[in-house]
Amino acid sequence: VQLQASGGGLVQAGDSLRLSCAASGRTFSNYAMGWFRQAPGKEREFVAAISRGGGYTYYADSVRGRFTISRDNAKNTVYLQMNSLKPEDTAVYYCAAVPRYYGVVTTSGEYRYWGQGTQVTVSS
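Residues numbered from 1 in each chain as written. Predicted model: local features only at pLDDT ≥ 70, side-chain atom pairs only at ≥ 80, totals over all residues. Heavy atoms only, no water.

## Remarks on the overall build of the chain
Heads up, the condition is: Helix and strand definitions follow DSSP, with helices as H or I runs of at least four residues and strands as E runs of at least two, each counted in order from the N terminus. Atoms considered for the radius of gyration are the C-alpha atoms alone. The globule rule reads 2.2 Å times the number of residues to the power 0.38.
Helices and strands together make up the secondary structure of the chain, namely zero helices and 11 strands. Counted from the first residue to the last, the chain has its helices and strands arranged as β-β-β-β-β-β-β-β-β-β-β. The globule rule puts the C-alpha radius of gyration for 124 residues at 14 Å, and the 13 Å found for the chain is close to it. Judged by the C-alpha coordinates and their principal axes, the chain covers about 40 × 25 × 25 Å.

Printed below as a string of structure tokens:
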């Protein structure tokens, strides 16, 4: 499956952004999806994950209550709604996919496919 992330940009602290990740090539609904991010000089970290049907989600503590992951299997797209953005949210955000019948996946090493990343910059 090919993944194309979009929606990043430069915003001020407190603003919102919605990232999108469009998938093509395979049956999207067979895949659990996740969002990760990598800030300069830091390792890639987990942000949010969603099960293949959308019924299960999981968030990193740092974003829980501010970010919402969702998916539209009819549009082959997963979203990350980011509210109340903080400067520490600045990073390149990546979407990822893995075939998974049940549950969510939070470990980057388990994901099989990755998008190219989209830059999110939050100014104070």
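What follows picks up the thread again.
## Re the nonpolar core
For clarity, the threshold we go by: Residues grouped as a nonpolar core are buried Ala, Val, Leu, Ile, Met, Phe, Trp, Tyr and Cys residues, joined through side-chain atoms within 4.5 Å. With a 1.4 Å probe rolled over the protein chains alone, any residue whose accessible area is under 20% of its type maximum counts as buried; one over 50% counts as exposed, and the rest are partly exposed. We call two residues in contact whenever any of their non-hydrogen atoms come within 4.5 Å of each other.
Of all hydrophobic cores here, the largest spans 40 residues; its most connected members are Leu3, Met33, Trp35, Leu80, Met82 and Tyr93. Counting residues per element, the ones that place at least two in this core are strand E1 (2–6), strand E3 (17–24), strand E4 (31–38), strand E5 (45–50), strand E7 (67–72), strand E8 (77–82), strand E9 (91–99) and strand E11 (118–123). Here this core takes six residues from E9, the largest share from any one element. If we skip the residues at most four places from it in the chain, Tyr93 touches Leu19, Trp35, Phe36, Arg37, Val47, Phe67, Leu80, Met82, Gly117, Thr118 and Val120.

## Observations regarding the side chain of Arg37
Definition in use: Nitrogen and oxygen atoms within 3.5 Å of one another constitute a polar contact, given that in protein one can donate a hydrogen and the other can accept it, and given that sequence-neighbouring residues count only through two side-chain atoms.
By secondary structure assignment, the location of Arg37 is in strand E4. Here Glu45 takes part through its side chain, which lies 2.5 Å from a polar atom of the side chain of Arg37. Of note is the side chain of Arg37, whose polar atom sits 2.9 Å from the side chain of Asp89. In contact with Arg37, not counting residues within four places along its chain, are Glu43, Arg44, Glu45, Val47, Ser62, Val63, Phe67, Glu88, Asp89, Ala91, Val92 and Tyr93.

## Considerations on the side chain of Ser51
Structurally, Ser51 can be placed in the loop between E5 and strand E6 (57–59). Contacts of Ser51, omitting those with residues within four sequence positions, involve Ala32, Tyr56, Arg71, Gly103 and Val104.

## Some remarks on the packing of aromatic side chains
How we decide: Aromatic pairing here means that ring centres of Phe, Tyr or Trp (its six-membered ring) are within 6.5 Å. Orientation follows from the plane angle: under 30 degrees is stacked, over 60 is edge-to-face, and everything else is tilted. Lysine NZ or arginine CZ positioned within 6 Å of the ring centre and within 35 degrees of the ring normal marks a charge as sitting over the ring.
Taken as a whole and judged by the stated rule, the model has seven aromatic pairs. Here the aromatic rings of Phe36 and Phe46 are separated by 5.7 Å at their centres, their planes lie at 70 degrees, and the arrangement is edge-to-face. Placement of Phe36 in strand E4 and of Phe46 in strand E5 is noted, with a sequence separation of 10 residues between them. What makes Phe36 buried here is its relative accessible area of 1%. Here the aromatic residues Phe36, Phe46, Tyr58, Tyr111 and Trp114 are joined through ring pairs into a cluster of three or more. In this structure, Arg71 packs its charged tip against the face of Phe28, placed 4.4 Å from the ring centre.

## Quick notes on the sheet that holds E1
Rules: What makes two strands pair is DSSP finding at least two bridges between them. Each axis is a line fitted through C-alpha atoms, and for a helix only the stretch in contact is used; angles between axes span 0 to 180 degrees, taken between their N-to-C directions.
Reading across from one edge, E1-E3-E8-E7 is the order of the four strands in this open sheet, with antiparallel pairing throughout. The open sheet terminates on both sides in strands that have one partner only, identified here as E1 and E7. Pairwise comparison of adjacent strand axes, ignoring direction, gives a mean angle of 15 degrees for this sheet. In terms of strand pairing, E7 meets E8 through six bridges, oriented antiparallel. Within the sheet, the bridge partner assigned to Phe67 lies in E8 and is Met82.

## Some thoughts on the pattern of salt bridges
As a reminder of what qualifies: The term salt bridge refers to a pairing of a side-chain nitrogen on Lys or Arg with a carboxyl oxygen on Asp or Glu at a separation within 4 Å.
Across all of its chains, the model carries five salt bridges by this definition. Arg37 serves as the salt-bridge partner of Asp89, at 2.9 Å between the closest nitrogen and oxygen. Taken as a pair, Asp89 in the loop between E8 and E9 and Arg37 in strand E4 lie far apart in primary sequence, 52 residues in all. Residue Glu110 pairs with Arg100 through a salt bridge whose shortest N-O separation is 3.1 Å. Taken together, the residues Glu110 in the loop between E9 and strand E10 (113–114) and Arg100 in the loop between E9 and E10 connect sequence positions 10 residues apart. Assessed through its relative accessible area of 28%, Arg100 is described here as partly exposed. Sharing partners across several salt bridges, the network here consists of Arg37, Glu45, Arg66 and Asp89.

Structural measurements only, silent on function.
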